[in-house]
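The lines below spell out each chain.
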Amino acid sequence: MFTSVSRRSIVGIVAASAALALAGCSGGAGLPGDLPGAGADAASAAVLKDAPVASAAQILPGSTMEAIKNRGKLIVATALDAPLVSQQDPLNPENVTGMDAELAKLLATYILGEPKVQWVPSSAETREAMLANGTVDVVMSTYTITTKRAEQISFAGPYFTSGLAVAVKADNTTIGGIDDLAGKNVIVQTGSPGVTQMPEKQPSATLVPFATTPQGVQALVQGRGDAYVQDYVLLSSQAANNKDIKIVGLPFTEEPYGIGIKHDNTQFKDFINTWLKAVQDGGQWNQVWESTLGTVTDSDAPKPPAIGSVPGS
Amino acid sequence: MIISQESLQLLLNGLGTTILIALTAGVGSIVVGTLVTAARVSPIPILRRAAFAYAQFFINVPLLALLILAVFALPAAGIILPLVPTVIIVLTVYEAAYVAEALRSGVNTVAKGEVEAARALGLSMVQSLRYVIVPQSFRSVVQPIGNVMIALAMNTALAAVVGVLELTSRVNSVNLVHAQPILFYTSAGLVYMAIALVIGVTTGVVERKVAIVR
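Because the structure is predicted, anything quoted here is derived from the model rather than measured.

Student: Honestly, the overall build of chain B in this entry has me stumped. Any pointers?
Tutor: Scanning chain B for helices and strands turns up 9 helices and 0 strands. Starting at the N terminus and ending at the C terminus, chain B contains elements arranged as α-α-α-α-α-α-α-α-α. Taken along the three principal axes of its C-alpha coordinates, chain B extends 70 × 45 × 20 Å. For chain B, with 214 residues in total, the buried portion stands at 44%. In chain B, of all internal contacts separated by at least 6 residues, the share reaching a separation of at least 24 is 79%. Computing the positive centroid from 12 side-chain charges and the negative centroid from 7, chain B places the two 11 Å apart.

Student: What's the story with helix α7 (residues 142–155) of chain B in this structure? I'm lost.
Tutor: Since there are 3.6 residues in each turn of an α-helix, residues three or four apart along the chain are aligned in direction. Residue and element names in this part refer to chain B. The terminal C-alpha atoms of α7, which comprises 14 residues, lie 20 Å apart, in line with the 20 Å expected from a rise of 1.5 Å per residue. V142, I145, G146, V148, M149, L152 and A153 are the residues of α7 that are buried. Burial along α7 is one-sided: seen end-on, the buried residues are contained in an arc of 160°. Its buried side turned inward, α7 meets α1 (5–40), α4 (83–107), α6 (125–140) and α9 (181–210).

Student: Please clarify how the side chain of T92 of chain B should be interpreted in this entry.
Tutor: Relative to the assigned elements, T92 of chain B resides in helix α4. For T92 of chain B, the residues in contact, after removing those within four places along its chain, are T24, A25, G28, S29 and V32 of chain B.

Student: Sorry, what's going on with the UniProt feature "domain: Ionotropic glutamate receptor C-terminal" (unreviewed entry) in chain A here?
Tutor: Cross-referencing UniProt, the feature "domain: Ionotropic glutamate receptor C-terminal" (unreviewed entry) maps to residues 73–278 of chain A in the present numbering. For the annotated span residues 73–278 of chain A, helix accounts for 32% and strand for 34% of the residues, and the straight-line distance between the end C-alpha atoms is 20 Å.

Student: Sorry, what's going on with a nonpolar patch on the surface here?
Tutor: All names here are of chain B. A contiguous nonpolar surface patch, about 300 Å² in accessible area, is contributed by V27, V31 and L35. Within the element layout of this structure, V31 appears in helix α1. Residue V31 is classed as partly exposed on the basis of its relative accessible area of 48%.

Student: Hey, could you run me through the pairing of strand β9 (residues 185–189) of chain A in this one?
Tutor: Remember that side chains alternate between the two faces of the sheet whenever the strand is regular. Residue and element names in this part refer to chain A. Among the 5 residues in β9, 4 count as buried, and that is most of the element. Alignment of β9 against strand β10 (residues 206–210), held across 5 bridges, turns out to be parallel. If you follow I187 over to β10, its bridge partner there is V208. Running through helix α7 (residues 193–201), the crossover from β9 to the neighbouring parallel element β10 is right-handed.

Student: I would appreciate a short explanation of the sheet that holds strand β4 (residues 92–97) of chain A in the present structure.
Tutor: Consider a sheet: its strands pair through backbone hydrogen bonds, and that pairing is either parallel or antiparallel. All names here are of chain A. Spatially, β2-β3-β4 is the arrangement adopted by the 3 strands of the open sheet, whose pairing is antiparallel. Here the strands that pair on one side only, and so sit at the sheet edges, are β2 (81–82) and β4. Summarising the sheet, β2 and strand β3 (residues 86–89) pair through 2 bridges and their orientation is antiparallel. Within the sheet, the bridge partner assigned to D81 lies in β3 and is Q87. Across the sheet, helix α4 (residues 99–112) is in contact with β3 and β4; its angle to β4 comes to roughly 100°.

Student: Can you walk me through the pattern of salt bridges in this structure?
Tutor: Two side chains bearing opposite charge may form a pair once their charged atoms approach each other closely. As enumerated under the stated definition, the model contains 5 salt bridges over all chains in all. Between R71 of chain A and D137 of chain A there is a salt bridge, with its nearest N and O atoms 2.7 Å apart. Here D137 of chain A lies in the loop between α5 (127–132) and β6 (138–144) and R71 of chain A lies in helix α3 (residues 64–71), a separation of 66 residues in the sequence. With a relative accessible area of 9%, D137 of chain A lands in the buried category. Connected through salt bridges with shared partners, the residues R40, E101 and R104 of chain B form a single ionic network.

Conventions adopted
- Residues numbered from 1 in each chain as written.
- Chains lettered and ligands numbered in written order.
- Predicted model: local features only at pLDDT ≥ 70, side-chain atom pairs only at ≥ 80, totals over all residues.
- Heavy atoms only, no water.
- Helix = DSSP H or I, 4+ residues; strand = E, 2+ residues; numbered from the N terminus.
- Buried < 20%, exposed > 50% of the residue type's maximum accessible area, 1.4 Å probe, protein only.
- Contact = heavy atoms within 4.5 Å.
- Lys, Arg positive; Asp, Glu negative; His and termini not counted.
- Charge placed at Lys NZ, Arg CZ, Asp CG, Glu CD.
- Expected span 1.5 Å × (residues − 1).
- Arc of directions from axis to C-beta.
- UniProt positions renumbered as here; feature names shortened; annotations may be inferred.
- Patch = residues over 30% accessible without salt bridge, like charges linked within 9 Å, V, L, I, M, F, W, Y side chains within 5 Å.
- Areas by Shrake-Rupley, 256 points an atom, 1.4 Å probe, with all protein chains shown as cover.
- Salt bridge = Lys/Arg side-chain N within 4 Å of Asp/Glu carboxyl O.
- Pairing = 2+ DSSP bridges.
- Right-handed = clockwise from strand over helix to strand, strands pointing away.
- Axes fitted to C-alpha atoms, helices over the stretch in contact; angles between N-to-C directions.

Printed below as a string of structure tokens:
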């Protein structure tokens, strides 16, 4: 009895370790071929080929744009472990793909004429500090615009609107959305809008924060919480790969993503907004969406949000 | 007011959890560490080897790896515990290895003649450990064990990664609203420093009281 239990436990631990390693792969360090949106390289090249480039007159003397142009590369802080949003290729760290990453390449092309980007991994804890001390030029990392944050840094955009959604285990039939989460244990991601939004929507729910999206999914599958509240886009890319979870209901918040820049750098903010308008009008924005987030949904490309349309932008 | 009443309450709750984890794991690791040391110096070969393997394993595997294994791999094996007890258990068995190593160096300070005298008086192995060896060992390693306790208090911050709402985790979420990382993380750093100072000062007082002057 004892031996059989312990043997099973050991097998379980080994299997779970392997599963974790695999989860780590699909979330953080997988082969490009395994990821949704693979083959985006070709699409990326096509988008960049006819991307808009700023005229010499737009690169104002003494501006941030000029400093970037003289340096020869744009320094971008982004997540690097979010499939379809900003996913780094472990075999070729220079190659980052996803919605945020493709837009960053387009912005680099706009300033430099070529997509030269230096990627800096960002976390929710370090974003504002990296902008304030000039470590990076921009933060493009599903960065929700809020008025509180706008007191510390400035936001160009918004360039995309997402929202929080609810995922549950595939066999769950009792939870149909955010309204059913009162008093439940709800997994969220550390540093994501779920941490601040959940107490407002369902004050009686208990939060269980995990550091990464794959960890949150793993915790949900293992029953550490009744539901996982996370960005709809990130949940979609996880659910596309994982039959153990499903998304219930529609997004219940509106998260406008902005491009974070140093506080009160109005010149640079106007410049980025001009570029955003150019890639929206030029169709590159749609192409980027279709080759990244658009690959896991049936719906048509959404209409990009109006620039400056939310408080804080 | 730079920070809301609610946020402050969250931070205090987090500090409470941090202290709870540090205290219980601290007491637990001293108890487990003592047992491991006793096994390490016992005359029974299999106990000695088991204690050696225990100490080597926990000293050589990173705490974060242990935490992630305990939180994600054990449920897959059918064992699921709430998060705070899981973290307390992991920290206890992890730091116990360091306590055991510190205490073993204390055992080496006990004069061989005393151990032989205990045996000559007819004390059993357990009795000599309990009345002669372990008490004297503890009195010579107060400071090293205090340092292990400080490391333990700092290591509680890793629990934030696996979903425990302790101080660091609360600072993360409060910072998410206020977006002032330097202010909040510096403050949290000072709080951790205060905890370390309290442990350090307490250790100093205890050391002065019990140290054996040889």
